[in-house]
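Reading the structure
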Amino acid sequence: MKSPALSFLTLLSMSLCAPAQSPKTELISPQVKAAVEKAVKWLVAQQRPAGLIVDEKSNNIPKRGDLPSHSAAMTSLALMGLASVGHMPSDPTPEGKAAGKALRYLVEGIEPDENGYLGRSDRSRMYGHGIISLTLAEMIGHAPDDSTDKRMRGMLDGAIKLILRSQQVSKSEANRGGWRYEPQSSDSDISVSVWQLMALRAAKNAGFDVPKDAIDNAVAYIKRSYQVERDANGLPKSDNAAFSYEPYGGRKTFSTTAAGLLSLQVCGLYDAPEVVGSANWLLKSPPEINEPWFFYGCYYYAQGMYQRGGDHAATARQRTEQILVSAQSAEGNWYPRNGNEKSAGAVYATSLALLSLSIHHHFLPIYQK
């Protein structure tokens, strides 16, 4: 039987670290501050004795290389959520110690294969590989001890090399530059590809060797997923359009559009036509909590529109905070409400909600302009 997390990831088909800056607390409303504090407390309370942060309540000690399904990917999202609001694995606080324990779970529990594949141990495939790789890259410089730091760097080096090799698998012109479910996949989709691209960019920020053409090819793939009529010079004829799940067709949704928007900006393309047009599209098509993949899309939406600035940032901030603060449970967590995302669980939703509410903190280098 498929686990709930496996159903989610299947159906979703869906640096050296910069010094942390102090959060701009004057920009954070009391309601958002309280929501963040409750969410952090709830996430920390979900941590199992072995360090994993998941919905399942088992206290069993996982075997290295054979982890509970998607537990490394979910723990990575939780760790990113905690770190995004200032709770780093190197901090001596209770929250920091929980983050450090989560990071140790990743480096001690994941057993990369001979190719550096991190998505095998918990069966999260290339989704998990990208999420875990991004998390490790963002934690460089923040490990709780030297041993964890050394193992983390070695894992990340192998993981980045696998992402680069996977990108070079022979593919059609439409799919070239992207990624999909497995390292050897010959097709691509925007959901898997954005995680890999973010991981590459974060690793490059952290000082790892990432060739420029790998970033350029991934950017070209993302741009091919932008659904707009173009002129003879290849420029969009409209300044309002969406990204689709796959190039030259497929579903055009809030979540895929938000993912495309953030990924291009992370690569420094702040004023690209695709960035301008997708931000305009999102301005006119705000998210609703009951729509498919809301929490996944809200994370990209909040961060991507914040990077865009101006009315886009202000509108997205108001919308994100209004929805999330009102939807938070009394215990401090969030639950997905729609369709396939429901199976991902509360740790998933709460981690992404924290990342969505963290835009003014600037603790994670990947989200710094």
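Residues numbered from 1 in each chain as written. Predicted model: local features only at pLDDT ≥ 70, side-chain atom pairs only at ≥ 80, totals over all residues. Heavy atoms only, no water.

Examining the packing of aromatic side chains
Following the criterion strictly, the structure yields nine aromatic pairs and no others. Judged by centre distance (5.6 Å) and plane angle (65°), the ring pair of Phe-254 and Tyr-301 falls under edge-to-face. Here the residue Phe-254 occupies a position in helix H9 (residues 254-266), and Tyr-301 occupies one in helix H11 (residues 294-308), the gap between them amounting to 47 residues. Residue classification places Phe-254 among the buried residues on the basis of a relative accessible area of 4%. By relative accessible area, Tyr-301 is classed as buried at 0%. With a centroid separation of 6.2 Å and an interplanar angle of 85°, the aromatic rings of Tyr-299 and Tyr-367 are classed as edge-to-face. Placement of Tyr-299 in helix H11 and of Tyr-367 in the segment after helix H13 (346-357) is noted, with a sequence separation of 68 residues between them. An aromatic cluster is defined as three or more aromatic residues linked by ring pairs; in this entry it consists of Trp-195, Tyr-296, Tyr-299, Tyr-300 and Tyr-367. In this structure, Arg-125 is placed above the aromatic ring of Tyr-181, and the distance from its NZ or CZ to the ring centre is 4.6 Å. Stacked on the ring of Tyr-245, the Lys or Arg Arg-251 has its end atom at 4.6 Å from the ring centre. (Phe/Tyr/Trp six-rings, centres within 6.5 Å; stacked < 30°, edge-to-face > 60°. Helix = DSSP H or I, 4+ residues; strand = E, 2+ residues; numbered from the N terminus. Buried < 20%, exposed > 50% of the residue type's maximum accessible area, 1.4 Å probe, protein only. Lys NZ or Arg CZ within 6 Å of the ring centre and 35° of its normal.)

Notes on the environment of Tyr-299
In this structure Tyr-299 comes out as buried when scored by relative accessible area, which is 1%. Taking the C-alpha atoms as reference points, Tyr-299 and Ala-258, 41 residues apart in sequence, are found 8.3 Å from one another. If we skip the residues at most four places from it in the chain, Tyr-299 touches Leu-134, Trp-195, Met-198, Leu-352, Leu-355, Ser-356 and Tyr-367. Here the side chain of Tyr-299 touches Tyr-367 through a polar contact of 2.5 Å, side chain to side chain. (Contact = heavy atoms within 4.5 Å. Polar contact = N/O pair within 3.5 Å; in protein donor to acceptor, adjacent residues only side chain to side chain.)

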